[in-house]
Structure formats: structure tokens, C-alpha cells
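Here is how the chains run, residue by residue.
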Amino acid sequence: MFYWGWIFLWLATGERSKGFNISGCSTKNFLWMYSAKSEEKFVLFCDLPAPKKSQVHNRNTHSPTQGPERLPCSGIKDLSDVQWYLQPQNGDTLREITKNYSHIIPDKTTLHFSTTEMNSAGSYICRPRVRSPSDEACCARMDVVVEPRTDGCVSPAPHTRYLLLGSTDSIYCPSLGCHGDARSPEVTWYRNGKLVSEKGSNPMQLDEVYAFHQGTYACDHSQSDDTGAWTVRAVVQVKTITKDTTLQPDILSPDTDTLEAELGKPLTVYCKARFGFEKDFKPVIRWYSKDSDQDLEILTTEWRNVQATDEHKDVECALHLKGVTRGDLHKTFICFAQNSIGNATRSIRLKEKKGVLYLYILLGTVTALVGMLAAGAVLFTYWIEIVLLCRTYRSKDEARRDEKEFDAFISYAKRSSFESEATSPVSEETLALNLFPEVLENKYGYTLCLLERDVSPGGVYAEDIVNILKKSRRGIFILSPSYVNGPSVFELQAAVNLALNDQTLKLILIKFRSFREPDSLPHLVTKALRVLPTVTWRGSKSVPPSSRFWTQMRYHMPVKTRRVPWNHLRITSETFSGESRSKTETTGRSSQPRE
């Protein structure tokens, strides 16, 4: 009996322990018999003594002074997370088995031995990682002896077994491969650490092979000799497979026969092929290149598995070009895949990539077109404002290029016209005598000529009109039914006649009210109504100086560089008062032409 002292931190409680006594652990003796000609693996399972239901404490079976008997591992909830320890056969110190061991791999309750080594013999102990000090006896000890086979068995059962899915098959225990059925003892079978058959036979029969039958199997049987009783264990790896494929490989990519590439840039092209299952899987996949004047050239033969299932495997091979050259554009690159059934190929050619340049050109063209359309929409909507802005800062004052006295003469239907003024809140006379002076004169600095205001009475009407038009750069005519049917139309006729000879005189028509052209209208005036620029008066909407009406009027007026401050313009209710009207009534000039 051996004792070792340990000092370590309890992971669950953080308390310090003085070690544990392995003499209280449940013990099994294992014999690992290996063949020098085969690569065998070995496993140990942590069989902790879990309490049985029949051993559960019953208070009635104990006396009042006797406490209940505590069973090993009864206070531990999780028996799947364990620690493994090794006590070497040469008597070295007990040490924990970690991932630092090259050939021993702990995996929770299973300890895997990847290779056969004589120094693997020793005592292996497992116990729960999370435990209390009262559960020191909750541990399992396995004494392993490693010996070579001496029974003279030439062809033992293989340690790797392939089972065809859907078939009826069996699994042989490698340690009993040379025993006849009559000599075969009872065998305990495990699959992936779980008990499958406690008193089974060798071989273990499978009525139908399913995918879950794949895994690591361990078979145990008892053996006695002069030294004692042993459990002989052997391990067999079972793999479930399908039938070998009858098809040649299928190339999945590249899936096109041309590939765009930029000259001078690195390029990587992948050849991906799907191989059907073969028990002896030896795939061939590589890239070739072929030029018109040279033989095939092997570019790469390295490959890697991408995806694997029971029925097929996807294998990939990469072609790396450090920089695409002009010569590469004339080559044919061939992806080649082969298995035991046949081969498949896929060819691609490189094409110079110009899509980026074309994309930039297309985007530039579309942007330019959108910009032109947006600019056109702005010009169409605000062309008058833009012209006025250019005039303000770029154009010259027209008054400096002629000797005319007035910027505009205003002609309208006088009071003596037959149509009543009550049809509109703003009459033609109010527009001509009040609004035009307030906006065009006071705000924008134009000089207007009003017959009643600026021409002395007593002259000949027709001569006065002609003289005024000759001194004006523009003629503004407020058209209405009263105007075209009354004597004031003479002023428009005279202006049209003068404008035909004087290019500095331009005429502006204001459509104050809708009207029908009378038959008596002079032919020259009728033509003028169709070709001269017309600005529509829209009632009260056109009264404010910021309205579209006044913007259009400024567009047709002469270019003026002198600007009048905004505070000179005051449009109030007094504009439409009787005081302004009385001013026009006392001028002493008749509104009718003189004979």
C-alpha cells in the first residue's frame, strides 16, 4: 500500500487538502497485449463506483445512535469531469496527466493511448475534479501491464474495422482473433466509453449497420495466471462506409470558361472537385497550363480536403499567379481531377479586366447627364432671376447708350372707358398710377412716364403720345376689354409703328383681364398682340413686390445698375386710397384723342 502527500487547491471550495489515499479506490488489473507489427491504440474508462438504488440509505435499518453509512461518490453530482493521475511502474511520484503527454490524451472520463509504449505500464487513477474532503474514496484505480503477444497468432483480428452501411456484419475482438468459437470467453463490449454488452460474445453481431455504429470499441475478457486475474483489453476502430463509387470525379469550380483578371495583379483560382467514397482513397487533382506552342506544364499538385461526408469528399487545389502577364492571357489553364474510375477536366482562359475603367466612364457620363438635367431644370425655373442677377453685376446701364429721358411709358384705359372698374379690387388706373411708380420707380430706380403726371396739359394728344414714345426705352400697355375696345388702343398702335423703325424701343404687354379682339382692331395691332412679350396680372397675388409679376417686369425693363434700398418701398393701404386717384383727376388733360 502506497501513500503520497499532495498539496493543491480545491477547484470547487478553494480549501487545501493534504493528499488522498489511493488504497481506498476501486481497483482493476488490465493486461495490454500488443503486436509489434501493428499500430494499436488503447483506452481506459473511469468507472467510478456510483451508488446503486438498493444501497440507498434507509433510516429504519440503523439504530438511533448509529449514523448512516456513507457510500463512495454519493455526494458528487457530476461524475463526467474527472482528473487523471499516473503512478509509474518504477515507483516515481504520482503526477497528474495533462495535455503535455505526447501519447496519452485525457478526454473527460476516457484516457486515450495513441501509441504502444512499454513505459505506459503503471497505475492510472481517476477521481472527480469537483469533490468534497469526505469523498476521498471516490476514485478508480487501473493497474496496466503492457506485454507483447506470445500466443503465436499470425493473423489477429484487425484494429480497424470497416462496416458497410445497411449490411449485416460483425466486430471481432483483436485480442481474441486467433481463438476458435469454442474457446472464446465472455466479452464485455464498450462503444465510445459506454457499455454495449456486458456478457457478449466474440464477434459481436450487428443485424444492420447504421451510422451510429461508428466509433471506438473496447472489448474486455478475463484471463488468469499464476500472478493473478487480469482483464485483457483490446481496442478496435469501427468506421461505417458506403459502397465504393462508380463515378469519376465531378469538378465543381471553376464553373466558367473565362475569367477576368487585371494585368500585373496577383490572381488565385481554385479547382474544387467532388470525389465519391472509396475505401482506398487516393485522389489526384492538379492544375496544368497549355500554350499554343508548348506542351502541358504542371503548375501545382498540392491539395486539401474542404468537406467530407459518408458518401463523398470535396478536394480543392489552388492556382497562384504572382502577377498576370500578357502571356497568361494566351494560355489555357486546365483543372484535372482523377480517381480509380476515371478523370475529369475543366479549362479556363484569362481575359483582361476593363470593367473598372468602363464603370468610371459610365458613372462619369451619368453624373454629367444628371448634372446637366439638374442645371437645365434650375435654369428653366429661375432663368429670369439668373438673367437679372447677371444684369446687376455684368451688364451696362442702357441709359448711358442713348439720349432718351424715360425708361418706360405706361399706357392704360382711362376713366372715361365704358367698362366699370368694380370688377377687380385693383383697377388698371391704380396699377398704372400707384403700383408701377411705387415698385419700379421707388424700389428699382426706373424713370416712368405717366401722361397725366409728366406731360403738360394743352398739347395735341397724338403728338404728345408720339413724342413721349420717342423719349422712352420701353412701352408698357395694360390690356383689358376697356383698352382694346376704347380710344387708348391708339397709343399701342402708335408704339408699334415707332418700334418698327426704332430698335431701342421695346414694347411690353400686360394682360390685365381676358378680352376678345374686336373686328375694328387695326391689323398691325392684331399681329403685335401675338408676338410681343406678355406678362399676366394675377390679381392680388401679383401685388407684392416679391411676386413673379414684378420679376418678369424687371426682366423686360432696361438694364439699370443703380439700385434703390429696400426701405424706399412702402406699399400700404394708402396706396389704394382716394388721395392717389384725386391726383390723376386734376391733371386737366382729356383721355380722348384730339381732333
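Notes on the structure follow. (Residues numbered from 1 in each chain as written. Predicted model: local features only at pLDDT ≥ 70, side-chain atom pairs only at ≥ 80, totals over all residues. Heavy atoms only, no water.)

Examining the environment of M553
Okay, so step 1: Topologically, M553 is positioned in helix α8 (residues 548-556).
Okay, so step 2: When near neighbours in sequence (up to four residues on either side) are disregarded, M553 contacts F436, I476, I508, I510 and V535. (Helix = DSSP H or I, 4+ residues; strand = E, 2+ residues; numbered from the N terminus. Contact = heavy atoms within 4.5 Å.)

What to know about the state of the cysteines
Okay, so step 1: Within this structure, the stated rule accounts for four disulfides.
Okay, so step 2: Covalently, C46 is tied to C126 through a disulfide, its sulfur atoms 2.0 Å apart. Given an S-S torsion of about 90°, the disulfide between C46 and C126 has right-handed geometry. Here C46, found in the loop between β4 (42-45) and β5 (82-88), pairs with C126, found in strand β9 (residues 122-128); they are 80 residues apart in sequence, far enough to count as distant.
Okay, so step 3: Overall, C126 belongs to the buried group, its relative accessible area being 0%.
Okay, so step 4: For C271, the disulfide goes to C335, at an S-S distance of 1.4 Å. In this pair, C271 is assigned in strand β20 (residues 267-276) and C335 in strand β25 (residues 332-338), connecting sequence segments 64 residues apart.
Okay, so step 5: C271 sits in the buried class, given a relative accessible area of 0%. (Disulfide = S-S within 2.5 Å. Buried < 20%, exposed > 50% of the residue type's maximum accessible area, 1.4 Å probe, protein only.)

Considering the packing of helix α4 (residues 461-470) against helix α6 (residues 489-499)
Okay, so step 1: Taken N-terminus to C-terminus, the directions of α4 and α6 make an angle of 45°; their axes are 10 Å apart at the nearest point. It follows that α4 is oblique to α6 by the angle criterion. Seen along the crossing, α4 lies across α6 with a hand that is right-handed. Of α6, the residues touching α4 (which contributes Y461, A462, I465, V466, L469 and K470) are F490, E491, A494, A495 and L498. (Axes fitted to C-alpha atoms, helices over the stretch in contact; angles between N-to-C directions. Parallel < 35°, antiparallel > 145°, perpendicular 65-115°, else oblique. Left-handed = near helix turned anticlockwise from the far one by under 90°.)

Quick look at the sheet that holds strand β23 (residues 304-308)
Okay, so step 1: Spatial ordering of the open sheet is given by β18-β20-β24-β23, a layout of four strands whose pairing is antiparallel. The open sheet terminates on both sides in strands that have one partner only, identified here as β18 (250-253) and β23. Sheet twist, expressed as the mean angle between neighbouring strand axes with direction ignored, is 30°.
Okay, so step 2: With 10 bridges joining them, β20 and strand β24 (residues 312-321) adopt antiparallel strand pairing. If you follow L267 over to β24, its bridge partner there is L321. (Pairing = 2+ DSSP bridges.)

Quick notes on the sheet that holds strand β31 (residues 534-536)
Okay, so step 1: Reading across the sheet, the five strands line up as β28-β27-β29-β30-β31 and stay open at both edges, with parallel pairing between neighbours. Edge strands, defined here as strands with exactly one partner in the open sheet, are β28 (448-449) and β31.
Okay, so step 2: With two bridges joining them, strand β27 (residues 406-411) and β28 adopt parallel strand pairing. In the sheet register, F409 faces β28, and the bridge partner there is C449.

With respect to the pattern of salt bridges
Okay, so step 1: A complete count under the given rule lists 19 salt bridges for this structure.
Okay, so step 2: Note that R233 and D220 form a salt bridge whose closest N and O atoms lie 2.6 Å from each other. Taken together, the positions of R233 in strand β17 (residues 228-241) and D220 in strand β16 (residues 215-225) put the pair 13 residues apart, joining distant regions of the chain.
Okay, so step 3: We classify R233 as buried; its relative accessible area is 2%.
Okay, so step 4: Here E517 makes a salt bridge to R530, at a shortest N to O gap of 3.6 Å. Of the two residues, E517 is situated in the loop between β30 (506-511) and α7 (523-531) and R530 in helix α7; the sequence distance between them amounts to 13 residues.
Okay, so step 5: Take E517: its relative accessible area is 32%, and that puts it in the partly exposed class. (Salt bridge = Lys/Arg side-chain N within 4 Å of Asp/Glu carboxyl O.)

Brief notes about the pairing of β25
Okay, so step 1: Of all seven residues making up β25, six are buried, and the element is well covered by its neighbours.
Okay, so step 2: Note: strand β21 (residues 284-290) against β25, seven bridges, orientation antiparallel. What sits directly across from Y288, in β25, is I334.
Okay, so step 3: Where β25 meets strand β26 (residues 343-352), seven bridges bridge the pair, whose relative direction is antiparallel. Opposite Q338, over in β26, you have N343 as the bridge partner.
Okay, so step 4: Taken together, β25 and the strand that follows it, β26, pair antiparallel across an intervening segment of four residues.

Comments concerning the side chain of Q83
Okay, so step 1: Counting through the fold element by element, Q83 comes out in strand β5.
Okay, so step 2: Side chain to side chain, Q83 and Y85 meet in a polar contact 3.3 Å long.
Okay, so step 3: Reaching out from Q83, the side chain makes a polar contact with the side chain of E96 at a distance of 3.4 Å.
Okay, so step 4: Leave out the neighbours within four places in its chain, and Q83 touches E96, I125, C126, R127, P128, R129 and R131. (Polar contact = N/O pair within 3.5 Å; in protein donor to acceptor, adjacent residues only side chain to side chain.)

As for the side chain of S488
Okay, so step 1: Along the polypeptide, S488 turns up in the loop between α5 (481-484) and α6.
Okay, so step 2: Residues contacting S488, with those up to four places away along its chain left out, are S411, Y412, A413, K414 and Y483.

As for a nonpolar patch on the surface
Okay, so step 1: Together, L359, Y360 and L363 make up a nonpolar patch on the protein surface, roughly 330 Å² of accessible area in all.
Okay, so step 2: With respect to the helices and strands, the residue Y360 is situated in helix α1 (residues 355-394). (Patch = residues over 30% accessible without salt bridge, like charges linked within 9 Å, V, L, I, M, F, W, Y side chains within 5 Å. Areas by Shrake-Rupley, 256 points an atom, 1.4 Å probe, with all protein chains shown as cover.)

Let's talk about unusual backbone geometry
Okay, so step 1: That bond from N202 to P203 is cis: its omega, 5°, falls within 30 degrees of zero.
Okay, so step 2: Along the chain, the position of P203 falls in the loop between β14 (194-200) and β15 (204-206).
Okay, so step 3: Of note, the amide linkage connecting S253 to P254 takes the cis form, showing an omega dihedral of 5°.
Okay, so step 4: As for its placement among the helices and strands, P254 is situated in the loop between β18 and β19 (258-261).
Okay, so step 5: Despite not being glycine, N192 has its phi angle at roughly 55°, a positive value.
Okay, so step 6: When you line up the elements, N192 lands in the loop between β13 (187-191) and β14.

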